[in-house]
Number of protein chains: 2
Amino acid sequence: MALIPLPLERLLRQLGKLPGLGPRSAQRVALSLLQQPVLLADLQRNLADVAAQLGICGCCGNLAFAGGEAPICEICSDPVRNTGVVCVVEGIADIWALERSGVFVGRYHVLGGVVSALNGVGPEDVRIPQLVKRARDEEVQEVILALGASVDGQTTGQIIIDRLASLGVAVSTLAKGMPVGAAVDYLDEGTLSLALAGRQRVA
Amino acid sequence: MALIPLPLERLLRQLGKLPGLGPRSAQRVALSLLQQPVLLADLQRNLADVAAQLGICGCCGNLAFAGGEAPICEICSDPVRNTGVVCVVEGIADIWALERSGVFVGRYHVLGGVVSALNGVGPEDVRIPQLVKRARDEEVQEVILALGASVDGQTTGQIIIDRLASLGVAVSTLAKGMPVGAAVDYLDEGTLSLALAGRQRVA
């Protein structure tokens with residue numbers, strides 16, 4: 001036996017590429033599973049269940065129950081939610097956060113990431129063409145950009161604005177400023193700057 | 001659909017309990033797998049291969065190819081390595097480190113952790129009774145404790161020393177001191193203290 005047998009080496013290589021796991025964590029996970037066969041069997045069963053029962057909504061990119069050619073998620077198939085407003089997010093976890101807050105009643109569009117020239121991620125890789133097609137086909141009146149307040153998030157937002165320009169769709173972004181509970185003297189310069197620039201008249 | 005469908009919730013709960021993964025990383029991993037079915041299928045295949053082909057050595061706790069009732073690893077089944085010296089380690093990854101260094105030619109005993117009253121881990125949970133039985137049955141002359149230089153590691157070592165006392169087996173531990181390449185002014189008090197206490201006469 002080579003020091004690390006081939007099937008284990010393949011597993012380590014794959015685990016090490018999962019988000020949040022480096023080579024050392026991958027090693028701990030793999031050995032932990034090997035030494036606890038019940039855990040390993042549980043994981044195999046959970047993965048099989050997820051693979052069989054869940055898929056990605058062909059319309060918006062959200063989670064959906066697997067079904068037929070292209071699954072549709074419950075939000076897209078809910079007529080009450082067809083408000084003409086589409087909220088664009090980077091990932092499915094952002095939908096969970098927004099849905100938990102209960103403040104948005106339209107539909108979503110999941111990019112699955114942000115545009116990044118450095119990492120070779122183009123607009124086609126983050127479902128921007130599909131967004132433009134939806135804006136046209138579904139008579140969307142407003143697109144809300146709920147992307148991360150990062151450089152790549154902003155760049156991605158600008159690309160979307162440019163591509164929707166000819167369609168006469170209103171585009172808005174989430175307000176930037178002080179989060180609830182923040183103390184002014186704890187904020188960083190960037191946030192303070194945006195909070196001041198976006199100040200609201202009250203009297 | 002509940003916000004997080006049940007099969008996904010089960011997967012998230014299990015992933016979050018793997019070493020090195022918290023709830024947030026578990027979420028990133030699960031969603032990443034859901035959005036890349038090829039990755040998910042690869043992971044399922046790698047886990048199945050590992051589950052089918054690998055097991056744990058019934059003698060020492062090392063990795064072994066799966067086979068019959070109780071697999072035996074290549075080190076335990078290698079007559080050249082039956083030197084009467086057994087090196088006790090906390091985990092399989094420690095065997096990899098020692099084998100890579102090429103400095104040890106005896107056999108191993110993997111505890112699978114350390115004794116920890118706080119976590120309810122007793123000597124029976126870390127294969128100490130099996131070590132005592134081996135020391136008796138295999139005519140072991142020396143047991144080397146290659147455990148972590150932590151409080152629990154030292155406690156575990158002391159328990160092993162106590163339990164082997166009546167067998168007339170020599171017990172030794174790895175030297176504590178300056179690692180190769182260290183500068184004295186970078187060392188912490190504890191390491192300096194051990195390095196001084198364990199000083200070697202040279203003239």
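Not measured: the values here are computed from a predicted model.

Caption draft 1: Spotlight on the sheet that holds strand S4 (residues 107-110) of chain A. All names here are of chain A. Strand order in this open sheet of 4 strands is S4-S3-S5-S6, and the pairing throughout is parallel. Edge positions in the sheet fall to S4 and strand S6 (170-173), since each has one partner strand and no second. Within this sheet the neighbouring strands show an average axis-to-axis angle of 25°, counted without direction. With 5 bridges joining them, strand S3 (residues 85-89) and strand S5 (residues 142-146) adopt parallel strand pairing. Pairing of valine 89 across the sheet is with alanine 146, part of S5. Sheet strands touched by helix H6 (residues 151-164): S3, S5 and S6. Its angle to S5, the strand with the most contacts, is close to 170°.

Caption draft 2: Layout of the interface of chain B and chain A. In this complex, chain B contributes 49 residues to the contact, which on the side of chain A involves 48 residues. Summing both partners gives a buried area of about 4,800 Å² for chain B against chain A, and 74% of it is carried by carbon and sulfur. For the pair chain B and chain A, the number of links is 2 salt bridges. For the salt bridge of arginine 10 of chain A with aspartate 49 of chain B, the shortest nitrogen-to-oxygen distance reads 3.6 Å. Our count for the contact surface shared by chain B and chain A stands at 6 residue pairs in polar contact (both at pLDDT 80 or more). For the side of chain B that touches chain A, the secondary structure elements donating two or more residues are helix H1 (6-16), helix H2 (23-35), helix H3 (37-53), strand S1 (54-56), strand S2 (63-65) and helix H4 (92-101) of chain B. Top element by residues in the side of chain B that touches chain A is H3 of chain B. It accounts for 12 residues.

Caption draft 3: Expanded view of the confidence of the model for chain A. All names here are of chain A. Counting all residues, the mean pLDDT for chain A is 93, and 99% of those residues have values of 70 or more. Considering each helix and strand of chain A separately, the mean pLDDT is smallest for helix H2 (residues 23-35), with a value of 92, and largest for S3, with 98. Across the interfaces of the predicted complex, the ipTM metric reaches 0.85, alongside a pTM of 0.83.

Caption draft 4: Expanded view of a nonpolar patch on the surface. There is a patch of nonpolar side chains on the surface, built from Met178, Val184 and Leu192 of chain A and spanning about 250 Å² of accessible area. Structurally, valine 184 of chain A is set in the loop between S6 and helix H7 (189-197).

Caption draft 5: View of the sheet that holds strand S4 (residues 107-110) of chain B. Residues and elements named next belong to chain B. Read from one edge of the open sheet, 4 strands run S4-S3-S5-S6, paired in parallel fashion. A strand with exactly one partner marks an edge of an open sheet, and here the two such strands are S4 and strand S6 (170-173). Within the sheet, the average angular offset between the axes of one strand and its neighbour, ignoring direction, is 25°. Two strands pair when backbone bridges link them, and strand S3 (residues 85-89) and S4 are joined in this way by 4 bridges, in the parallel orientation. Opposite cysteine 87, over in S4, you have tyrosine 108 as the bridge partner. Across the sheet, H4 is in contact with S3 and S4; its angle to S4 comes to roughly 155°. Its contacts with the sheet put helix H6 (residues 151-164) on S3, strand S5 (142-146) and S6, and the angle it makes with S5 is roughly 170°.

Caption draft 6: Examining the packing of H2 of chain A against helix H3 (residues 37-53) of chain A more closely. Residues and elements named next belong to chain A. H3 packs onto H2 with a crossing angle of 110° between their chain directions and a minimal axis gap of 5 Å. Judged on the interaxial angle alone, H3 and H2 are roughly perpendicular. The residues of H3 that touch H2, namely those facing Ser32, Leu33, Leu34 and Gln35, are Pro37, Leu39, Leu40 and Leu43. Per-class residue counts for the contact of H2 with H3 are 6 nonpolar, 2 polar and no charged.

Caption draft 7: Region of the structure containing the relation of the copies chain B and chain A. You can overlay chain B on chain A at an RMSD of 0.0 Å; the transform is a turn of 180° with a shift of 0.0 Å along its axis. Both copies of the chain, as the preceding transformation shows, are related through a two-fold rotation axis. In terms of C-alpha distance to the rotation axis, chain B has glutamine 44 of chain B as its closest residue, with the C-alpha 3.4 Å off the axis. The residues that chain B uses at the interface reappear at the interface of chain A in 98% of cases, marking a shared surface.

Caption draft 8: View of the nonpolar core. The biggest cluster of nonpolar side chains holds 76 residues, and the ones touching the most others in it are Leu8 of chain A together with Leu8 of chain B. Apart from the residues lying within four places of it in its own chain, the contact partners of leucine 8 of chain A are Ala30 and Leu34 of chain A together with Val50, Leu54, Leu63 and Trp96 of chain B.

Caption draft 9: Main features of the pattern of salt bridges. All names here are of chain A. Tallied over the entire structure, the rule returns 16 salt bridges over all chains. With a closest N to O distance of 3.0 Å, arginine 134 and glutamate 138 form a salt bridge. Residue class for arginine 134 comes out buried when judged on its relative accessible area of 5%. Of the residues examined, glutamate 138 reaches a relative accessible area of 25% and is grouped as partly exposed. Members of the salt-bridge network, linked through shared partners, are Arg107, Arg134 and Glu138.

Caption draft 10: Inspection of helix H1 (residues 6-16) of chain A at higher detail. What H1 of chain A keeps buried is the set Pro7, Leu8, Leu11, Leu12, Gln14 and Leu15 of chain A. Angular distribution of buried residues about the axis of H1 of chain A spans 170°; they occupy a single face of the element. The elements touched by buried residues of H1 of chain A are H2 of chain A together with H3, S1, S2 and H4 of chain B.

So, how was this worked out
- Residues numbered from 1 in each chain as written.
- Chains lettered and ligands numbered in written order.
- Predicted model: local features only at pLDDT ≥ 70, side-chain atom pairs only at ≥ 80, totals over all residues.
- Heavy atoms only, no water.
- Pairing = 2+ DSSP bridges.
- Helix = DSSP H or I, 4+ residues; strand = E, 2+ residues; numbered from the N terminus.
- Axes fitted to C-alpha atoms, helices over the stretch in contact; angles between N-to-C directions.
- Contact = heavy atoms within 4.5 Å.
- Buried area = accessible area lost by both parts, 1.4 Å probe.
- Salt bridge = Lys/Arg side-chain N within 4 Å of Asp/Glu carboxyl O.
- Polar contact = N/O pair within 3.5 Å; in protein donor to acceptor, adjacent residues only side chain to side chain.
- pLDDT = per-residue confidence, 0-100.
- Patch = residues over 30% accessible without salt bridge, like charges linked within 9 Å, V, L, I, M, F, W, Y side chains within 5 Å.
- Areas by Shrake-Rupley, 256 points an atom, 1.4 Å probe, with all protein chains shown as cover.
- Parallel < 35°, antiparallel > 145°, perpendicular 65-115°, else oblique.
- Nonpolar A, V, L, I, M, F, W, Y, C, P; charged D, E, K, R; others polar.
- Least-squares fit on C-alpha atoms with pLDDT ≥ 70 in both.
- Core = buried A, V, L, I, M, F, W, Y, C linked by side-chain atoms within 4.5 Å.
- Buried < 20%, exposed > 50% of the residue type's maximum accessible area, 1.4 Å probe, protein only.
- Arc of directions from axis to C-beta.

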